[in-house]
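A structural walkthrough
Read off the chains here:
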Amino acid sequence: MSKTIEILGADGEALLNHKCETISKDLLTLPGADFVDRSFGNSNRSPQVLRSLQALYGTGRLANTGYVSILPVDQGIEHSGGASFAPNPIYFDPENIVKLAIEGGCNGVASTFGVLASCSRKYAHKIPFIVKLNHNEMLTYPEKFDQIMFGSVDEAWNLGATAVGATIYFGSENSNRQIIEVAAAFERAHELGMATILWCYTRNSAFKKDGVDYHVATDLTAQANHLGVTIQADIIKQKLPERNGGYTAVGFGKTHPKVYSELSTDNPIDLTRYQVANCYMGKNGLINSGGASTGDGQSDLNQAVTTAVVNKRAGGHGLISGRKAFQKDMKDGVALLNAIQDVYLDESITIA
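Residues numbered from 1 in each chain as written. Predicted model: local features only at pLDDT ≥ 70, side-chain atom pairs only at ≥ 80, totals over all residues. Heavy atoms only, no water.

In the annotation of an unreviewed UniProt entry, the chain is listed under the name fructose-bisphosphate aldolase and assigned to Parvicella tangerina. Quoted straight from UniProt, the Sequence similarities (unreviewed entry) entry for the chain says "Belongs to the DeoC/FbaB aldolase family. FbaB subfamily." (UniProt positions renumbered as here; feature names shortened; annotations may be inferred.)

Here's what the structure looks like:
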């Protein structure tokens, strides 16, 4: 029995044996050692961008597999330093964030201007830096939700970044401004030779209906993905879908009955396959979120590995897992990151 199957427990067999009968894997551009060439070789991405993408896909334990494992630590702003780092205060020190990513075998580390700038001369050439350009600053009261720019693309390039990342709250009252800002930033990043990663979040109080949260509905999140690749994000980061029917429950926008009858089912792999399809049928990699830490090591491990299996079997490119890793002792965080990576290294776990 593989370690992954052991971690999955009773749910493992159903996930590992599921056959996707919605969108065929034959229609997808699948991960692989030559993914950057196959997907972006004929695109408008410059040789410098291709080099940056290859650096990202070519680092860490998953190097040259077509999969990525990224450590994101911007929660000091997004949630507050106390909420994020009190469980393990060593991560108030930026260098420990980068050390965790390196020791954890990650393809890259995504964090703030301040974190990455503070140790760029020591580490920017050792692991790809992904500078998160914008954040939801949470010290304002009454609390509001808006992504604002914290620095420039040029400064990200100056500190040695391989890629830049940004978040858009699709569906929010500020989404139009965020789309315009991020599209311009990604254009500049490509001009400078950096890759781009977009956190494609849905955010609107109306997306909660009758006590059900449709922020994690595959029809809404997949459309956010489709908007993300439209502004030329090279990699899309999205929450794992939990249900379908956001458009129909909220009663807005345009959709099609086949989205619910033929292109998806209630199976998490099929729900995620629809997210992959909206990333230009896998031509732009989909990475899913590792989610919040439960505070229980075994529960976090099970959730992370389950998410990795769902993402991989759907045709995704990996996980971006932060709090489950850095809100633990470093050795336990490394073990969790390695367990996620083991899913992508296991050739017996295939595309559904």
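Turning our eyes to something else, we now look at the layout of surface pockets. Within this model, the largest pocket holds a volume of roughly 950 Å³. Broken down by secondary-structure element, the contributors of at least two residues to the lining of the largest pocket are α5 (75-85), β6 (163-170), β7 (195-202), β10 (235-238), α14 (268-277), α15 (297-314) and α16 (323-326). Counted by class, the lining of the largest pocket contains 13 nonpolar, 16 polar and twelve charged residues. (1 Å grid on protein atoms, 1.4 Å probe; cavity = no way out; pocket = protein on both sides within 12 Å on 5 of 7 lines; lining within 4 Å. Points joined across faces, edges and corners; volume = space filled by probe spheres on them. Helix = DSSP H or I, 4+ residues; strand = E, 2+ residues; numbered from the N terminus. Nonpolar A, V, L, I, M, F, W, Y, C, P; charged D, E, K, R; others polar.)

Our next topic: helix α6 (residues 94-103). Along α6, the residues that are buried comprise N96, I97, V98, L100 and A101. Measuring from the backbone nitrogen of E95 back to the side-chain oxygen at the start of α6 gives 3.0 Å, which picks out D93 as the cap. Phi turns positive one or two residues past the end of α6, at G105, with a value near 75 degrees. (Buried < 20%, exposed > 50% of the residue type's maximum accessible area, 1.4 Å probe, protein only. Polar contact = N/O pair within 3.5 Å; in protein donor to acceptor, adjacent residues only side chain to side chain.)

A few words on the environment of Y260. As for its placement among the helices and strands, Y260 is situated in helix α13 (residues 258-261). Judged by its relative accessible area of 26%, Y260 falls in the partly exposed class. In this structure, Y260 is in contact with D219, N244, G245, Y247, T248 and T255, ignoring residues within four places of it in sequence. One polar contact links Y260 to T255, side chain to side chain, over a distance of 3.1 Å. (Contact = heavy atoms within 4.5 Å.)

Relative to the helices and strands, N311 is located in helix α15. Its relative accessible area of 0% is what places N311 among the buried residues. Within polar-contact distance, the side chain of N311 engages the backbone nitrogen of G318 at 2.9 Å. In contact with N311, not counting residues within four places along its chain, are L286, I287, N288, G316, H317, G318, L319 and Y344.

Okay, the pattern of salt bridges next. Evaluated as defined, the whole model comprises 13 salt bridges. Between E78 and K132 there is a salt bridge; the shortest N-O distance is 4.0 Å. With E78 in helix α5 and K132 in strand β3 (residues 129-132), this pair connects stretches of sequence that are 54 residues apart. Given a relative accessible area of 11%, E78 falls into the buried group. Among the residues examined, K132 registers a relative accessible area of 1% and is labelled buried. Through salt bridges with shared partners, one network takes in D74, E78 and K132. (Salt bridge = Lys/Arg side-chain N within 4 Å of Asp/Glu carboxyl O.)

Time to look at the nonpolar core. The biggest cluster of nonpolar side chains holds 72 residues, and the ones touching the most others in it are L71, L100, F129 and L198. At eight residues, the largest contribution of residues to this core is made by helix α17 (residues 330-345). When residues no more than four places from it in sequence are discounted, the contact partners of L71 are I97, L100, A101, C106, G108, V109, A110, S321, G322 and A325. The next biggest cluster of nonpolar side chains, apart from the first, holds 20 residues, and it includes V68, I70, Y201 and I320. (Core = buried A, V, L, I, M, F, W, Y, C linked by side-chain atoms within 4.5 Å.)

What follows is about the sheet that holds strand β1 (residues 68-73). With respect to topology, eight strands assemble into a closed barrel ordered β1-β2-β3-β6-β7-β10-β11-β12, the strand pairing being parallel. Direction aside, the axes of adjacent strands within the sheet are offset by 25 degrees on average. Looking at chain direction, β6 and β7 are connected through eight bridges and run parallel. In the strand pairing of β7, G165 is matched with I197. (Pairing = 2+ DSSP bridges. Axes fitted to C-alpha atoms, helices over the stretch in contact; angles between N-to-C directions.)

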